[in-house]
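Here is how the chains run, residue by residue.
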Amino acid sequence: MKAFAKRLGGALAVLAIVLVLNFFLFRIMPGDPLTGIVDPRFSPEAKQQLAAQWGLDRPLREQFFVYIREMLSFRFGLSMMTGQPVWDELKNRVPNTVALLLPALLFSAALGIFLGVKAALRRGSIVERLVLWSGAASFSFPSFFVQILLLMGFAWLWPIFPLSGSSSIPPRTGLAGAVDYLWHLALPLFSLVVLSFGGWALYVRNMMVKALGEDYVLMAIARGLPRRRVIWNHAFRSVLPPVVTILLLSLPGVVSGAVITETVFSLNGAGRFLLEATNSHDYPSAGAAFFLLALLTVGCNLLADLLCVLVDPRVRRGGVQ
């Protein structure tokens, strides 16, 4: 409990640092937020009125305290790009991002773990060589390059999937709308699984090879325990804590990767919104998106600590620091 309280304090300190940097970094970036949202032919008086509307004419210290209050209350203010509440903009986009990224993470992790275990059990076979080759190839190319190739192949040369967007125009309703939505998500989801499963496969394969050579596994084999029980209850269980930790710690990275995927496939998601907000110097939107991303990162770190206690008895007994 004391160790967890210490980590919780550290997480709150990290959030405080992110909040402060979030405010100042956007304001020292080159460019003026007003130039991105107003017509250059606007008069100086009109620009001054807009600056007053967004609170940009206030002293920096006053802007900082307003920003802190809005972040901590999760109101986030109004978007400079759309004029709508930032929270409403995120609510419209986050479900699309979750519908894409959560299945992609689970499918890639499940496929990579399965292939990694199979490769470790069949050392020197063609199965292991295929897993090693495909695993190394899956993350050897930039994600946008692979996704553009998939778009050219399966949306332009062979128009099996849509070229862009999260739904057809005009939008469909009911069951047809759900099918249309899944059809638009299929190619981005497939690209993320292809790009991600290799890391899981190689990592699990290496850990399982080491675990299968440990004394406790050899002892279990010598005792005549069933092969499946030795593999999953002894060897795989010993590598489960780092797998759970990596799964949770990869969530923020997956969300960051949504910026590229949603931009390439023109999806209406939170990642694309974050990129547009940053390019437009939309302080409230970009600040809210980065703050939520920091919250997700810190939350995943704490959850990984808790789950490690549950899946690893050595941690519960204090044997592993």
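Our structure is the block above this text.
For every chain, the first residue of its written sequence is number 1, and the numbers climb from 1 along that sequence. With the structure being a predicted model, the display of local features is reserved for residues of pLDDT at least 70 and the display and counting of side-chain atom pairs for 80 or more, all residues being used for whole-chain, interface and lining totals. To get the side-chain values, take all heavy atoms of the structure and skip hydrogens and water.

I tried to follow the overall build of the protein on my own but got confused; where do I start?
Scanning the protein from terminus to terminus reveals 13 helices and zero strands. Listing the helices and strands of the protein from first to last along the sequence gives α-α-α-α-α-α-α-α-α-α-α-α-α. Overall, the C-alpha framework of the protein stretches about 85 × 60 × 40 Å when taken along its three principal axes. Think of it in three bands: residues with accessible area under 20% of the maximum for their type are buried, residues over 50% are exposed, and the middle band is partly exposed, with areas taken using a 1.4 Å probe on protein chains only. Within the protein, buried positions represent 38% of all 321 residues. Contacts: residue pairs with any heavy atoms within 4.5 Å of one another. In the protein, the share of contacts with a sequence separation of at least 24, taken over all contacts with a separation of at least 6, comes to 73%. Each helix is a run of DSSP H or I of at least 4 residues and each strand a run of E of at least 2, with the numbering of both proceeding from the N terminus.

Explain a positive patch on the surface here, please?
Judged by side-chain charge, Lys-118, Arg-122, Arg-227 and Arg-228 come together as a positively charged surface patch. Structurally, the position occupied by Arg-228 is in helix α10 (residues 227–264). Here a patch means residues that are over 30% exposed by relative accessible area and free of salt bridges, tied together within 9 Å if like-charged and within 5 Å if nonpolar (Val, Leu, Ile, Met, Phe, Trp, Tyr). All accessible areas in this document rest on Shrake-Rupley with a 1.4 Å probe, and a residue is counted as covered only by the protein chains that are shown. A side-chain nitrogen of Lys or Arg and a carboxyl oxygen of Asp or Glu constitute a salt bridge if their distance falls within 4 Å. Residues counted as positive are Lys and Arg, residues counted as negative are Asp and Glu, and His and the chain ends are not counted. To locate a charge, take atom NZ for lysine, CZ for arginine, CG for aspartate or CD for glutamate.

Would you take a moment to explain the nonpolar core for this structure?
Note that soluble globular proteins tend to have their nonpolar side chains buried in a common cluster. Formed by 18 residues in total, the largest nonpolar core has its most connected members in Ile-113, Val-117, Val-204, Met-208, Phe-236, Val-239 and Val-243. Sorting the residues of this core by element identifies α5 (86–121), α8 (174–212), α9 (215–222) and α10 as the ones contributing at least two each. With residues up to four places along the chain from it excluded, the contact list for Phe-236 reads Ile-113, Val-117, Met-208 and Ile-231. We define a nonpolar core as any set of buried Ala, Val, Leu, Ile, Met, Phe, Trp, Tyr and Cys residues linked to one another through side-chain atoms lying within 4.5 Å.

In this structure, what is going on with the pattern of salt bridges? I would like to understand it.
Side chains that differ in charge, positive against negative, can pair when their charged atoms come close. Throughout the structure, instances matching the rule amount to six salt bridges. Between Asp-88 and Lys-91 there is a salt bridge, with the nearest N and O atoms lying 3.7 Å from each other. On the criterion of helical spacing, the pair formed by Asp-88 and Lys-91 is a turn pair, its members being three residues apart in helix α5. A salt bridge links Arg-123 to Glu-128, with the shortest nitrogen-to-oxygen separation between them at 3.1 Å. On the basis of relative accessibility, which here comes to 6%, the residue Glu-128 falls in the buried class. Put simply, Arg-123, Glu-128 and Arg-205 are held in one network by salt bridges that share partners.

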